[in-house]
Amino acid sequence: MKCKIERLLVNYKTLEEFKKFKEYGIQELSMLEDLETNIIENDSESPFYGIYYGDKLIARMSLYKRSAKFDQYFTPPQEYLELWKLEVLVPYQFKGYGRALVEFAKSFNLPIKTNPRVRSHEFWKKMNFESVSYDMERDLGQNPVIWKPATK
Ligand code: COA
């Protein structure tokens, strides 16, 4: 399966596409507000990457680089990527789009941390992410999983 992963731009079209995803919340609403009040320009880069099928956004994830200063997951503390809001629209699931996005995130060759959604643990296991031992204060009810590049 071939698919192209694109950095998503903040504009009204992208924000309209975001409404189809279950994980639509404060982050998306504040992007809309920033656009409406001209805090950000039309077509600014967002932290989201996505896959289009025709002109329809069918999968997306957000990637955010965290500095080593804030690292509580890797030893020694290092720069890593926080991956969140990975979601594939229902009719397009189990076709390799989720894997394609995760492989794209891995291609930056930085460690990755994510908080899997309740029923996606099998998927993350297949992507070679491992659980970390739970730390109540740090993880606040989440069950993060991590991945490390081979050389790190
Ligand atoms: N449970 C078990 N295995 C899963 C899985 C799941 N929920 N989702 C994917 N997999 C497996 C696939 O079978 C595939 O295995 P294979 O390589 O051996 O064939 C591998 O993981 C890669 O799957 P892929 O097709 O890339 O997954 P996807 O595009 O559907 O993306 C999610 C995976 C979890 C991101 C996506 O399904 C999603 O957004 N789901 C909605 C939220 C959710 O968590 N749903 C859980 C199911 S109800």
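Look above for the structure.
First, a word on what this report is: a plain description of the structure on this page.

Conventions we followed
- Residue numbers here run from 1 along each chain, matching the order of that chain's written sequence.
- For a predicted model such as this one, the threshold for reporting local features is a pLDDT of at least 70, and the threshold for listing and counting side-chain atom pairs is 80 or more; totals across whole chains, interfaces and linings nevertheless cover every residue.
- Excluding hydrogens and water, the side-chain values take into account all heavy atoms of the structure.
- Put simply, a residue is near a molecule or strand once any heavy atom of it comes within 4 Å of that molecule or strand.
- We call two N or O atoms a polar contact when they sit within 3.5 Å, provided that within protein one can donate a hydrogen and the other can accept it, with sequence-adjacent residues counted only if both atoms are side-chain atoms.
- Accessible surface area values rest on a Shrake-Rupley calculation with a 1.4 Å probe, where residue burial reflects the displayed protein chains alone.
- Cavity and pocket criteria rest on a 1 Å grid covering protein atoms alone: a 1.4 Å probe that fits but cannot get out defines a cavity, protein on both sides within 12 Å along at least 5 of 7 lines defines an open pocket, and an atom within 4 Å of a point defines a lining residue.
- Placement in a cavity or pocket follows one criterion, namely that more than half of the molecule's atoms lie within 2 Å of its grid points.
- Grid points are joined across faces, edges and corners, and a volume is the space filled by probe spheres set on the points.
- Put simply, DSSP H or I for four residues or longer makes a helix, DSSP E for two residues or longer makes a strand, and each gets a number counted from the N terminus.
- For this classification, the nonpolar set comprises Ala, Val, Leu, Ile, Met, Phe, Trp, Tyr, Cys and Pro, the charged set comprises Asp, Glu, Lys and Arg, and every other residue, Gly included, is treated as polar.

Near the ligand, the surroundings consist of 17 residues, among which Val88, Phe94, Gly96, Gly98 and Arg99 are the closest. Here Phe94 contributes a backbone N or O atom positioned 2.7 Å from an oxygen atom of the ligand. In the environment of the ligand, an oxygen atom lies 2.7 Å from a nitrogen or oxygen atom belonging to the backbone of Gly98. Relative to its unbound accessible area of 870 Å², the ligand is 74% covered by the protein chains. The site holding the ligand turns out to be the largest pocket.

Before going further, it helps to spend a moment on the layout of surface pockets. Picture a little ball the size of a water molecule; that probe, rolled over the atoms, points out where space is still empty. Quantified by volume, the largest pocket comes out at close to 970 Å³. Surrounding the largest pocket, 31 residues form its lining, Val88, Gln93, Arg119, Ser120 and Phe123 being those nearest its centre. Of all the elements in the fold, those that place two or more residues in the lining of the largest pocket are β4 (80-88), α3 (97-106) and α4 (121-126). Grouping the constituent residues of the lining of the largest pocket by class yields 14 nonpolar, six polar and 11 charged.

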